[in-house]
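Residues per chain are reported as follows:
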Amino acid sequence: MLKRIAVFLITCLTFVWAMDMFQSVPEEKATLVQKGDAKRYCPNCGMDLVKFYKTSYVYEEHQYCSIHCLVEATKGVIPQKDVKVADTKNLGLIDVFQAFIVVGSSKPGTMTMNSQYAFASEEDAKAFQSENGGRIVKFEEAYAVAQEDFPKDTAMIKAKREQNVYGTGEKLYQNACETIDANRFATIAELKVSLAKSCRLESEGQYQAVALYLWDHKNVVAAQSEEKIVVPKDAKCPVCGMFVAKYPQWAAMIETSEKNIYFDGVKDMMKYLFAQKKNFEKIYVSDYYKLKKIDARKAFFVIGANVYGPMGSELIPFANENEASAFMKDHNGKRVLSFSDIDEKTLKSL
């Protein structure tokens, strides 16, 4: 119950924060020009166009959340006509070549460190500038600034996603989503719409995190889904009785000619092996980082780390010894073991 309340409060706070963002507008005041179920999302980054409406651009029937995404979509070649931008003050879509754009104000940018806000009149732009700073330019110069900033802004976005987004998106995908192949979709916006049918998530921010993780890692995730241990929904761990499919990232498996035996962690699988005292030929575990199905006898296991599995302290498997050692250092682990190093004394120490 406390966990549900916490999730609810976080979701509410996220919503309130989103509505307080300068770029956001009430939904009824946003003009969305795209068609179909994905019309609300930027086709380049998947961000909500209502939340980032004041920095949105329209070009060739697509609506982008920012000039950064416009530069990406046009591959750095400035469009010569038929481009519209949101008027920061009056919120209508205006001809970008007639607009006055304030670059570098104190207001936050969208996908760029150098913020840009457009106005239909020079008077409105000057009023905004006097309060928030920046300089007033025409579209050609604003595009050139965004083009020059594009490499460093892309690096900034990548760093933020790697630090805060991908890990969250991966965990949400593993725990709350059905398997989905991001390669089937033409844009991240289309992928994001499909997640509503495949995931049980709590907020717009969670859907965005999963969409970014899948889109930016689509080839890796597709390969992982083919190579990972696929656990039947009704499979129970013979040691603890838990449903293994609830914890796919920890799945381990013994394959026999008669059946496959699934475990919700390496620790329970090893307990089973020691109890059975049989020489099973095919024993598999899930690589902690890649979720790839790997031969347990060739894996490396970290013990004593501050990362816990479904049954508490675990033997955490890696296909690569260097990755296991790095994980041990980052998570206060005690040792890296090979499969043959694990004995009943090891299990008792966990």
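Help me get a handle on the state of the cysteines, residues and values and all.
By definition, a disulfide links the sulfur atoms of two cysteines through a covalent bond. In the structure shown here, the tally under the stated rule is one disulfide. Here C177 engages in a disulfide with C199; their sulfurs sit 2.1 Å apart. Measuring handedness by torsion sign, the sulfur bridge of C177 and C199 sits at about 110° and is right-handed. Linking C177 in the loop between α4 (139-176) and α5 (188-198) with C199 in the loop between α5 and α6 (204-216), this pair joins segments that are 22 residues apart in sequence. Here C177 and C199 have matching classes, each one buried. We note that C65 lacks a disulfide partner, and the nearest cysteine sulfur, in C45, lies 3.5 Å from it. A disulfide-free cysteine, C240 has its sulfur positioned 3.8 Å from the sulfur of C237, the nearest such atom. You can call C240 partly exposed: its relative accessible area is 28%.

Which residues make up the sheet that holds strand β11 (residues 293-295), and what are the values?
If you trace the four strands from one edge of the open sheet to the other, you get β9-β8-β10-β11, paired in antiparallel fashion. What marks the edges here is a single partner per strand, and that holds for β9 (260-263) and β11. Averaged over all pairs of adjacent strands, the angle between their axes in this sheet comes to 25°, without regard to strand direction.

Residues and numbers for unusual backbone geometry, please.
Here D82, not a glycine, exhibits a phi torsion of approximately 55°, which is positive. Of note, D82 is situated in the loop between α2 (67-73) and β3 (83-86).

Could you give an account of the sheet that holds strand β2 (residues 62-64), naming the residues involved and the relevant values?
Hydrogen bonds along the backbone pair up the strands of a sheet, which may run parallel or antiparallel. The four strands lie next to each other as β2-β1-β3-β4, forming an open sheet whose pairing is antiparallel. Looking along the sheet, the strands with just one partner apiece sit at the ends: β2 and β4 (93-95). Shown here is a sheet whose adjacent strand axes are inclined to one another by a mean of 30°, direction ignored. Sheet topology places β3 next to β4; three bridges connect them, and they run antiparallel. Residue pairing in the sheet places A86 in a bridge with L93 of β4.

Conventions we followed
- Residues numbered from 1 in each chain as written.
- Predicted model: local features only at pLDDT ≥ 70, side-chain atom pairs only at ≥ 80, totals over all residues.
- Heavy atoms only, no water.
- Disulfide = S-S within 2.5 Å.
- Helix = DSSP H or I, 4+ residues; strand = E, 2+ residues; numbered from the N terminus.
- Buried < 20%, exposed > 50% of the residue type's maximum accessible area, 1.4 Å probe, protein only.
- Pairing = 2+ DSSP bridges.
- Axes fitted to C-alpha atoms, helices over the stretch in contact; angles between N-to-C directions.

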